[in-house]
Amino acid sequence: AGEEAARRMAGESTFDVVSDFDQQELVNALDQVRREIATRFDFKGSRCSLELGKDEIVLLADDEFRAKSVRDLVESKAVRRGLSLKIFDWGKLEPAAGGTVRQHIGLKRGLTSEQAKELSKVIRDGFPKVKPVIQGDAVRVAAKSKDDLQAVIAHLRGMEYPVALQFTNYR
């Protein structure tokens, strides 16, 4: 905290680059999918389920076709609730009990150390007046000018990146 206070006295502003998602919005999206499956005619009598675990969703469906339909539903409900499709890591469809199929959908949260290093380098290379510091699974970006920070955010938003990026704790 002392380092943070010293930085602010020097007139620096900061923000954090993180990769995360709103857990409650994901829960809501999955609830919407379950309700739609329960009422849709083309799912009548089917055995489709979505189980949300700590860092993955397990999809169970009658067959590949229904699994694909459920995936489409999950993606459309997620987007409508402001979730990035990059949070989902869709595993392979595998056979499960009773002729059904199972799919593990990993949930990506936090930057890997490789991603944090890569983003720091991108920021350092493009914005010499800005200081990126890796902090666990996030990158804190500091600069004297808020305009420089805004430029970094705009640049990162415009980048094609394999994980969803958010910008938090802007001070």
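As the structure is a prediction and not an experimental result, all values here were calculated from the model.

Rules behind the numbers
- Residues numbered from 1 in each chain as written.
- Predicted model: local features only at pLDDT ≥ 70, side-chain atom pairs only at ≥ 80, totals over all residues.
- Heavy atoms only, no water.
- Axes fitted to C-alpha atoms, helices over the stretch in contact; angles between N-to-C directions.
- Helix = DSSP H or I, 4+ residues; strand = E, 2+ residues; numbered from the N terminus.
- Parallel < 35°, antiparallel > 145°, perpendicular 65-115°, else oblique.
- Left-handed = near helix turned anticlockwise from the far one by under 90°.
- Contact = heavy atoms within 4.5 Å.
- Nonpolar A, V, L, I, M, F, W, Y, C, P; charged D, E, K, R; others polar.
- Expected span 1.5 Å × (residues − 1).
- Buried < 20%, exposed > 50% of the residue type's maximum accessible area, 1.4 Å probe, protein only.
- Polar contact = N/O pair within 3.5 Å; in protein donor to acceptor, adjacent residues only side chain to side chain.
- Pairing = 2+ DSSP bridges.

Asker: Help me out: how do you make sense of the packing of helix α2 (residues 23–39) against helix α3 (residues 64–80) in this one?
Answerer: The relative placement of two packed helices comes down to the angle between their axes together with the axis-to-axis distance. Orientation of α2 relative to α3, taken along the N-to-C sense of each, is 135°, at an axis distance of 9 Å. Taken together, the axis directions place α2 and α3 in an arrangement best described as oblique. The crossing of α2 and α3 is right-handed. Residue-level contacts link A29, L30, Q32, V33, E36 and I37 of α2 to V70, L73, V74, K77 and A78 of α3. When the residues that make up the contact of α2 with α3 are grouped by side-chain class, the tally is eight nonpolar, one polar and two charged.

Asker: Looking at this structure, how should I read α3?
Answerer: Residue pairs three or four apart in sequence face the same way in an α-helix, which turns once every 3.6 residues. Between its first and last C-alpha atoms α3 spans 24 Å; for 17 residues at 1.5 Å apiece the expected length is 24 Å, and the two agree. Those residues of α3 lying buried are R66, A67, S69, V70, L73, V74, E75, K77 and A78. Among the residues of α3, the N-terminal cap falls to D63, whose side-chain oxygen and the backbone nitrogen of F65 are separated by 3.2 Å.

Asker: I'm lost on the pairing of strand β3 (residues 56–61) in this one. Help?
Answerer: A regular strand places its side chains on the two faces of the sheet in alternate fashion. The pairing of strand β2 (residues 49–52) with β3 spans four bridges and is classified as antiparallel. When the sheet's bridge partners are listed, E51 is paired in β3 with V58. In this antiparallel pair of consecutive strands, β2 and β3, the connection spans three residues. When β3 meets strand β5 (residues 101–107), the two strands line up antiparallel, connected through six bridges. Bridging from a neighbouring strand, A61 pairs with V101 of β5.

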